Amino acid sequence: MAEPLFTPEQQKTFDTELAEILTHYPPDRKSAAMLPAVRLLQSLKGWCPPEGLTLVAERLGVTKERAYEVASFYVMYHLKKPGKYVVDVCTNLSCSLRGAESLLGYLEDKLGVHAGESTEQWTLRETECLASCGTAPCLQINEDHFENLTSREKVDAVFAKLK
Amino acid sequence: MTSPAAPAVEKVISRAWGTPHSHTLAEYRKRGGYEALKKALEMAPQAVLEEVKKSNLRGRGGAGFPTGMKWSFVPKDSPKPKYLAVNGDESEPGTFKDRYILEEDPHLMLEGIAIAAWALDVHTCYVYLRGEFKFAAQRLQAAIDEAYREGIFGKKMLGKDFELNVWLVRGAGAYICGEETALLESLEGKKGWPRLKPPFPAVVGLFGCPTVVNNVETLASVPPIFQRGADWYAKLGTEKSGGTRLICLSGSVNRPGVYEISMATTLRQLIEDPDLGGGMPAGRKVKAVIPGGSSAPVLAADELDVALEFEALKVKQTMAGSGGVIVMDDRTCMVRSLWRVARFYAEESCGQCTPCREGTPWQTRLLRKIEEGRGEPEDLEMLLNVATSIAPYPPIGLGTTICALGDAAALPVHSFVARFRAEFEAHIHEKRCPFGDRPWGHFGDWA
Ligand SMILES: Cc1cc2nc3c(=O)[nH]c(=O)nc-3n(C[C@H](O)[C@H](O)[C@H](O)COP(=O)(O)O)c2cc1C
Ligand code: FES
């Protein structure tokens, strides 16, 4: 038999939190909860496996294609299992004016992975403006934000803590 | 030339930022928080709306639409529920102000929401935050919880029989969801494909019901109007734009950051004033400035004596937009910069309309070709042709697509080429980027 999607513990969290989310919407508009529901799935699994999207769709009363359509439209949802750390480096204009492009190059060398690629440990991506343009350059690791990365020392300090 | 110092102005949105526990309800109350709501609740909803009209407040999300007028478009006799959707998607490149409101003073916006709800007879509000905002989401959720506990939200509002529920919804990484109808689609649990207007959201919005969409800063500007009066608020601004506004300064400048300014402040003052931008880094000069987020047409160094206000910038065929001011210095390659901007729009086009879906990657490919020294003389005309097929310019607003993302993608191309044509031609003529391998800032230059 295929491995179950969730552990019993995770299943309970999923059920409780989804029930709470659904109270935010009119009863006949359950499918409006799609974004929070997919976010919940990803927070439990680390990505959006197909069985998970099917489950979300069932719970919200829509087809699994609808769930897949949403999950594939938004860049924060992972349809493939990413590395342990997803590193998103902003290279949009304000950050590039303050060195983001060379920061990205430094990280490619340091982490041994090209932008747009993944290893078990790292997924490195170029990303669009993260609303930290005044504290550029900046990056995000999973959901955490790091700003003012103006030197190698500052970047090294951020990564020193990640194992 | 104007004076280098910006006109003085009282801070009404950012005054608490950086003070201890500024984000808590207790501190907010010490600053007179929720007193404005008390006053508003003593007024008839229609009178509240008139007061907002009188304040000359204009939307801070990008289009600068008069807020009171937008509110007045909501049909009064509709049997359907009405909604308020707060736009906290903040994804326009160069913009980072709403985030600070939410992190430093979330109750200011929540009080604005409560006042708007009373004026509009809204009982459900969704605050849509861009998915990447983790800290802002935590701060905002904590503030919402406080407001429920203290009888501001929930079944009663400060003791009055008026129910308001406020829900935080987090996006998932899509610039297009900042466009108001895409935001509504996303709130309905769909991909962010903008809707054709009309009907406008005020009439047919969320779940087919009348919906007001307002930016975070717009709503945070509402409580001061009731604290001190609409006339006072209007006088803080210029003739047609009331109040102060937040400006996000970034790029090549000594003191990047968010500044609350008078709308009479010019771009030059913003950059030069020692208390604002603090001038240019040693040995560098301004070459170009984008005045309102990357969608706004760029200005050249000799066009900086213009006030950062909706009407004044319109005269220059550009826009105040989202308040994102991006400064480029004389060592910056305009082709490289435009290429990066163009790539953003190609990346973020939702794919619904052909001119934008096909045109934005085409612009990007042509710019890359020119920047990499492979450009042909006819590529520049082709670039302008593609931009024109998405949105002719000037004036702003002739786009051929359902939403204004198309305009946003074409305007930078038109304006960069119009002002810096010689630089584009030099790339083609010399078959290389004249700036070599340092087309813009380098890691370490700013340490
Ligand atoms: C492509 C695109 C992106 C937008 N992004 C945002 C945004 O991130 N935040 C925002 O408040 N408005 C954004 N807007 C403007 C909204 O459509 C809308 O005008 C605004 O939220 C209305 O609020 P206001 O009247 O309070 O300014 C965007 C518009 C377009 C066309
Ligand atoms: S350009 Fe990088 S955070 Fe805005």
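To be clear, the structure that these remarks concern was listed above.
Before going into details, it helps to say that this report is about the structure given with it. (Residues numbered from 1 in each chain as written. Chains lettered and ligands numbered in written order. Predicted model: local features only at pLDDT ≥ 70, side-chain atom pairs only at ≥ 80, totals over all residues. Heavy atoms only, no water.)

## Some thoughts on the layout of surface pockets
Here is step 1: Computed from the structure, the second largest pocket encloses a volume of approximately 1100 Å³.
Here is step 2: Forming the boundary of the second largest pocket are 48 residues, of which Val-75, Met-76, His-78, Asp-88 and Arg-125 of chain A lie nearest the centre.
Here is step 3: The set of elements that each furnish at least two residues to the lining of the second largest pocket consists of α2 (34–45), β1 (85–90) and β3 (122–127) of chain A together with α14 (334–348) of chain B.
Here is step 4: Of all the elements, α14 of chain B adds the most residues to the lining of the second largest pocket, at five residues. (1 Å grid on protein atoms, 1.4 Å probe; cavity = no way out; pocket = protein on both sides within 12 Å on 5 of 7 lines; lining within 4 Å. Points joined across faces, edges and corners; volume = space filled by probe spheres on them. Helix = DSSP H or I, 4+ residues; strand = E, 2+ residues; numbered from the N terminus.)

## Let's talk about the nonpolar core
Here is step 1: Core analysis: the largest hydrophobic core is formed by 90 residues, its most contacted members being Tyr-74 and Tyr-77 of chain A together with Tyr-126, Ile-176, Leu-187, Met-328 and Phe-424 of chain B.
Here is step 2: The leading source of residues in this core is helix α17 (residues 405–430) of chain B, at 10 residues.
Here is step 3: Among residues more than four places away in sequence, those in contact with Tyr-74 of chain A are Leu-35 of chain A together with Tyr-128, Ala-172, Gly-173, Ala-174, Cys-177, Ser-186, Lys-190, Lys-191 and Gly-192 of chain B.
Here is step 4: Core analysis: the second largest hydrophobic core is formed by 68 residues, Leu-49, Leu-110, Phe-133 and Val-216 of chain B among them. (Core = buried A, V, L, I, M, F, W, Y, C linked by side-chain atoms within 4.5 Å. Buried < 20%, exposed > 50% of the residue type's maximum accessible area, 1.4 Å probe, protein only. Contact = heavy atoms within 4.5 Å.)

## A look at the pattern of salt bridges
Here is step 1: Counted by the stated rule, this structure contains 48 salt bridges over all chains.
Here is step 2: Glu-143 of chain A is the partner of Arg-39 of chain A in a salt bridge, and the nearest nitrogen-oxygen pair spans 3.7 Å. One end of the pair, Arg-39 of chain A, is in helix α2; the other, Glu-143 of chain A, is in the loop between β4 (139–141) and β5 (144–146), and 104 residues separate them in sequence.
Here is step 3: With its nearest N and O atoms 3.4 Å apart, the salt bridge here joins Lys-38 of chain B to Glu-35 of chain B. In this pair, Lys-38 of chain B and Glu-35 of chain B both sit in helix α2 (residues 35–41), three residues apart, roughly one turn of the helix.
Here is step 4: Judged by its relative accessible area of 42%, Lys-38 of chain B is partly exposed.
Here is step 5: For Glu-35 of chain B, a relative accessible area of 39% puts it in the partly exposed group.
Here is step 6: What emerges from the salt-bridge pattern is a single network uniting Arg-60, Lys-97, Asp-98 and Glu-217 of chain B. (Salt bridge = Lys/Arg side-chain N within 4 Å of Asp/Glu carboxyl O.)

## Points about the interface of chain B and chain A
The accessible area lost on association of the parts is a frequent measure of interface size.
Here is step 1: The interface of chain B with chain A comprises 63 residues on the first partner and 49 residues on the second.
Here is step 2: Between chain B and chain A the total buried area reaches about 4500 Å² when both faces are included, carbon and sulfur atoms providing 56% of it.
Here is step 3: Among the residues of chain B in contact with chain A, Ala-172, Arg-340 and Phe-443 of chain B are the three that bury the most area, contributing 17% of the side total.
Here is step 4: One can count seven salt bridges joining chain B with chain A.
Here is step 5: The tally of links from chain B across to chain A stands at 29 residue pairs in polar contact (both at pLDDT 80 or more).
Here is step 6: The set of elements that each furnish at least two residues to the side of chain B that touches chain A consists of α5 (98–104), β2 (124–129), β3 (165–170), α8 (180–187), β5 (244–251), β9 (324–329) and α14 of chain B. (Buried area = accessible area lost by both parts, 1.4 Å probe. Polar contact = N/O pair within 3.5 Å; in protein donor to acceptor, adjacent residues only side chain to side chain.)

## Regarding the environment of Ala-426 of chain B
Residue and element names in this part refer to chain B.
Here is step 1: Tracing the backbone through its elements, the reader meets Ala-426 in helix α17.
Here is step 2: For the pair Ala-426 and Ile-370, spaced 56 residues apart in sequence, the C-alpha to C-alpha distance is 9.6 Å.
Here is step 3: Sequence-distant contacts of Ala-426, that is, excluding residues within four places in its chain, are made with Lys-431, Arg-432 and Pro-434.

## What to know about the site of ligand 1
Residue and element names in this part refer to chain B.
Here is step 1: Every one of the 18 residues lining ligand 1 counts as a neighbour, but Gly-61, Lys-70, Asn-87, Asn-215 and Thr-218 are closest to it.
Here is step 2: The separation between a nitrogen atom of ligand 1 and a polar main-chain atom of Gly-178 is 3.2 Å.
Here is step 3: A distance of 2.7 Å separates an oxygen atom of ligand 1 from a polar atom in the side chain of Thr-218.
Here is step 4: Within the complex, the protein chains bury 90% of what would otherwise be the 620 Å² of accessible surface of ligand 1.
Here is step 5: At three residues, the largest contribution of residues to the shell around ligand 1 is made by strand β4 (residues 211–215).
Here is step 6: Its residues assigned to classes, the shell around ligand 1 comprises four nonpolar, eight polar and six charged. (Near = heavy atom within 4 Å. Areas by Shrake-Rupley, 256 points an atom, 1.4 Å probe, with all protein chains shown as cover. Nonpolar A, V, L, I, M, F, W, Y, C, P; charged D, E, K, R; others polar.)

## Focus on the sheet that holds β5 of chain B
Residues and elements named next belong to chain B.
Here is step 1: Strands sit in the order β6-β5-β9-β7-β8 across an open sheet of five strands; the sheet is mixed. Edge positions in the open sheet fall to β6 (257–262) and β8 (299–300), since each of these has one partner strand only.
Here is step 2: Bridge count for strand β7 (residues 286–290) against β9 is four bridges, and the pairing is antiparallel. Among the inter-strand pairings, Val-289 is bridged to a residue of β9, identified as Val-327.
Here is step 3: Contacts from α17 reach β7, β8 and β9, with the element oriented near 155° to β7. (Pairing = 2+ DSSP bridges. Axes fitted to C-alpha atoms, helices over the stretch in contact; angles between N-to-C directions.)

## Here's the deal with the packing of α2 of chain A against helix α3 (residues 50–60) of chain A
Residues and elements named next belong to chain A.
Here is step 1: Viewed as axis vectors pointing N to C, α2 and α3 meet at an angle of 145°, and their least axial separation amounts to 10 Å. Here α2 runs over α3; the crossing is right-handed. For the pair formed by α2 and α3, the contact residues are Met-34, Ala-37, Val-38 and Leu-41 on the first element and Gly-52, Leu-53, Val-56 and Leu-60 on the second.
Here is step 2: Grouping the amino acids of the contact of α2 with α3 by side-chain chemistry returns seven nonpolar, one polar and no charged. (Left-handed = near helix turned anticlockwise from the far one by under 90°.)

## Here we look at unusual backbone geometry
Residues and elements named next belong to chain B.
Here is step 1: The amide bond that connects Lys-197 to the next residue, Pro-198, takes the cis arrangement and shows omega of -10°.
Here is step 2: The residue Pro-198 is located in the loop between α8 and β4 in this model.
Here is step 3: That bond from Tyr-393 to Pro-394 is cis: its omega, -10°, falls within 30 degrees of zero.
Here is step 4: Among the structural elements, Pro-394 can be located in the loop between α16 (377–390) and α17.
Here is step 5: For Tyr-34, which is not glycine, the phi dihedral falls at a positive 70°.
Here is step 6: Counting through the fold element by element, Tyr-34 comes out in the loop between α1 (25–30) and α2.
Here is step 7: A residue is classified by how much of its surface remains accessible, and Tyr-34, at 1% relative accessible area, is buried.

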